[in-house]
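Descriptive analysis of the structure
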Amino acid sequence: SQPWPGPPHQPEILAPNPPRETWAGKYEFLLSCLGYCVGLGNVWRFPYLCYRNGGGIFLIPYFIMLLVTGLPLFLMELSLGQYGAAGPITVWKCCPLLKGVGIAMLIVSSLVSLYYNVIIAWAFYYLGSSFQSPLPWSCDAPRNEDLCQVGAVTVACWGCVLQNTSGSAGRASASEVFWNEQVLGVTHSSGLGDPGPVQWPLALCLLAAWILIFLCMLKGIRSSGKVVYFTATFPYLVILILIIRGATLDGSLNGVRFYLSSNWSRLQSAQVWSDAASQIFYSLGIGFGGLLSMASYNKFDNNVIRDTLVIAIGNCCTSFLAGFAIFSVLGHMAWRKQVPVGSVADSGPGLAFVAYPEALSLLPGSPFWSILFFLMLFTLGVDTLFGNIEGITTAILDEFPALRDWRRKTALLGALCTAFYLLGLLLVTQGGIFWFTLIDTYSTGFGLIIVALFMCLGIAFCYGMNQFCQDIVDMICRCPPWCSHMLSYFKVCWVFFTPCLLLFTLIYTFLDMYSVPLRYGTYEYPAWGTSLGICMGVLTCLQIPVWAAVALCRESGTLRDRFQKATQPLRSWRMATAQDLARDIIDVPFTITLTDSD
């Protein structure tokens, strides 16, 4: 007889990693995505693009680009995140060859987070300055008495003089003096190579902004999901109030007429179509990884097609409505100054922190309207930053699940916020606006478009368009007829129209980048500064071929065999989606531990 070998071998049971979070309700997800998409660009960029590109005619290419580029890419990113239940890096288990796309998304989100909170710091500074009467950037303020000429034009603050360190003088408003001298201190810097000392009031505002972001995201989507009930809805209330108030002002109709005036000949310009594509692309937050990360916390059977239509169309309608709030007040300022509306219109920080504050200072009860406006800017910025930081933390936590423990996750979030604050101090120096403009221009330029292009081509031709569409049908379960028709339309866009339009936008971006030198005001960036900005975009793009090469090296066989293996989903991709589906069906938490080598 043989000796008893003992009990059969029992496999070692690995301690499960902390589970992923899920949204407490569908409205938290919708509001978070809407707040992420509806950002500062809706207020300070879209109205300017609209009047510059033919007024109301700009809406034609705008909505065409929404249908052909915006909605398909938005749905693709939401579907990919929800089906895979993973962040922007881990989700590429569906096609390991394209893992670099997720890492590129992480780099873009990090660069944007670095400078985006500086805008929130500016809004903080102006918000605090609004609690005084008269406003410090108005001609009624004692400090501006020497700046404003006495006469009929004084009420409009026309003829203020801005002195800079070079000794030259130019006609500027008190609002410009306040922005350039007191807030930025840019008049004491000669350019990109001369950042100068830190503006400590701005540094404190930046610190307060990062502390607020840390506290709001301390418990992940469980805490930020509650905050968005206020931050995502408050801007709509302010926009509505500003529209009603603007309609009662003299000259407001001139501003609205200027905003919507139609110039049909502008449709023949490629610049108009490029502006429409870029505005749709950036305002929806495509390619940053934030949408993908937020969708990964959805239930498996959430209707992503419905959410795509609600969020994307809501975002575009917000941009259109914001134009009425902006141009009605700017029309009043132009009427007070007796100048054309075009001479007071601006975009970017020039609109939000110079032109519009000056217009608000002309209204009765100006501190109240200023507080409302800058509180709106603050909430718009915070919502967008929530999505960017969520994309970064989700990418890290999914790659290192052991960090999901509350203490480790808190330490990770604290380390990220601290690092971004210290790096952001460069942007609140006296020459910080030059660095801000550089990073803003190149971090979300051609690199982001290339990321979205490879995401679209990778899903369509590597993962498989039929398989991806079937994944969406599996999630929706009971797919109504309208969803089936929409999915057929999106399939055609993903395969042909969307990549072609992305290529068009990319080519035009390169042409514009090399034909028009980067400027901030009258300052033209040196060659080394432009080269540094291009390196930011190149760094993003390089992740795609580098990590594709790594994926090929990990496989065996001929190059063709390696390519085929690197484009096949890993086993853990299918098991993860099966686990999510089972959880939703039986509503009982359980854990499957499986490595890619199993």
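Cut-offs and rules
Residues numbered from 1 in each chain as written. Predicted model: local features only at pLDDT ≥ 70, side-chain atom pairs only at ≥ 80, totals over all residues. Heavy atoms only, no water. UniProt positions renumbered as here; feature names shortened; annotations may be inferred. Helix = DSSP H or I, 4+ residues; strand = E, 2+ residues; numbered from the N terminus. Buried < 20%, exposed > 50% of the residue type's maximum accessible area, 1.4 Å probe, protein only. Contact = heavy atoms within 4.5 Å. Areas by Shrake-Rupley, 256 points an atom, 1.4 Å probe, with all protein chains shown as cover. Polar contact = N/O pair within 3.5 Å; in protein donor to acceptor, adjacent residues only side chain to side chain. Axes fitted to C-alpha atoms, helices over the stretch in contact; angles between N-to-C directions. Parallel < 35°, antiparallel > 145°, perpendicular 65-115°, else oblique. Left-handed = near helix turned anticlockwise from the far one by under 90°. Nonpolar A, V, L, I, M, F, W, Y, C, P; charged D, E, K, R; others polar. Patch = residues over 30% accessible without salt bridge, like charges linked within 9 Å, V, L, I, M, F, W, Y side chains within 5 Å. Salt bridge = Lys/Arg side-chain N within 4 Å of Asp/Glu carboxyl O. pLDDT = per-residue confidence, 0-100. Phe/Tyr/Trp six-rings, centres within 6.5 Å; stacked < 30°, edge-to-face > 60°.

In the annotation of an unreviewed UniProt entry, the entry for the protein chain reads Transporter, and the organism field reads Eudyptula minor. Listed under Sequence similarities (unreviewed entry) in UniProt, the entry text for the protein chain is "Belongs to the sodium:neurotransmitter symporter (SNF) (TC 2.A.22) family." Taken verbatim from the UniProt record of the protein chain, the Subcellular location (unreviewed entry) comment is "Membrane".

1. Regarding the overall build of the protein chain
In terms of regular secondary structure, the protein chain is built from 22 helices and four strands. Counting the 598 residues in the protein chain, one finds 56% classified as buried. Taking as baseline every contact in the protein chain between residues at least 6 positions apart, the subset at least 24 positions apart corresponds to 82%. Total accessible area computed for the protein chain in this model is approximately 25,000 Å², and 65% of it derives from carbon and sulfur atoms.

2. Side note on the side chain of Ser113
With respect to the helices, strands and loops of the structure, Ser113 is situated in helix H5 (residues 99–129). What makes Ser113 buried here is its relative accessible area of 0%. Only 2.8 Å separates the side chain of Ser113 from the backbone oxygen of Ser109, close enough to count as a polar contact. Sequence-distant contacts of Ser113, that is, excluding residues within four places in its chain, are made with Trp210, Leu385, Asn388, Ile389, Ile392 and Phe420.

3. Thoughts on the packing of helix H4 (residues 59–84) against helix H19 (residues 481–515)
For the pair H4 and H19, the least separation of the axes is 9 Å and the interaxial angle reads 110°. Taken together, the axes of H4 and H19 lie roughly perpendicular to each other. Crossing angle aside, the handedness with which H4 passes H19 is left-handed. Contacts between H4 and H19 involve Met65, Leu67, Val68, Thr69, Leu71, Pro72, Leu73, Leu75 and Met76 from the former and Tyr489, Phe490, Cys493, Trp494, Phe497, Thr498, Leu501 and Leu502 from the latter. Partitioning the contact of H4 with H19 into residue classes produces 15 nonpolar, two polar and no charged.

4. What about a nonpolar patch on the surface?
A cluster of nonpolar residues, Leu457, Phe461, Val492, Val495, Phe496 and Phe497, forms a patch on the protein surface that exposes about 540 Å² of accessible area. Looking at the nonpolar patch, the elements with two or more residues in it are helix H18 (446–476) and H19. At four residues, the largest contribution of residues to the nonpolar patch is made by H19. Along the chain, Val492 turns up in helix H19.

5. Some words on the confidence of the model for the protein chain
Note: predicted coordinates in regions of low pLDDT should not be interpreted at a detailed level. In the predicted model, the protein chain carries a mean pLDDT of 86, and the fraction of residues at 70 or more is 88%. By mean pLDDT, the top-scoring element of the protein chain is helix H7 (residues 200–216) (96), and the lowest-scoring one is strand S1 (residues 161–163) (36). Across residues 10–14, confidence stays below pLDDT 50; counting only partners more than four residues off in sequence or on other chains, it has one contact. Residue range residues 150–170 is modelled with pLDDT below 50. Its contacts to residues more than four positions away, or to other chains, number 50 contacts.

6. Thoughts on the packing of aromatic side chains
If you walk through the whole model with that rule in mind, you get 45 aromatic pairs. Measuring from centroid to centroid gives 6.3 Å for Tyr125 and Phe178, while their planes differ by 45°, and the two rings are tilted. On the criterion of sequence distance, the pair formed by Tyr125 in helix H5 and Phe178 in helix H6 (residues 174–184) is long-range, its members being 53 residues apart. Of the residues examined, Tyr125 reaches a relative accessible area of 13% and is grouped as buried. Where Trp210 meets Phe420, the ring centres are 5.5 Å apart and the plane angle is 15°; that geometry is what we call stacked. Placement of Trp210 in helix H7 and of Phe420 in helix H16 (residues 406–424) is noted, with a sequence separation of 210 residues between them. Both residues of the pair, Trp210 and Phe420, belong to the buried class.

7. As for the UniProt feature "binding site: Na(+)" (unreviewed entry) in the protein chain
UniProt tags Gly35, Val38, Asn42, Ser283, Asn315, Leu380 and Asp383 as "binding site: Na(+)" (unreviewed entry). Across 349 residues, the annotated set stays spatially compact, with a maximum C-alpha separation of 13.1 Å. Position of Gly35 among the secondary structure elements: in helix H1 (residues 26–37). Note on Gly35: relative accessible area 3%, which makes it buried. Setting aside residues no more than four positions away along its own chain, Gly35 makes contact with Ala232, Leu380, Asp383 and Thr384. Along the polypeptide, Val38 turns up in the loop between H1 and helix H2 (40–44). Accessibility expressed as a relative area gives 5% for Val38, which makes it buried. If we ignore the near neighbours within four places in the chain, the residues touching Val38 are Tyr236, Asn315, Thr318, Leu380 and Thr384.

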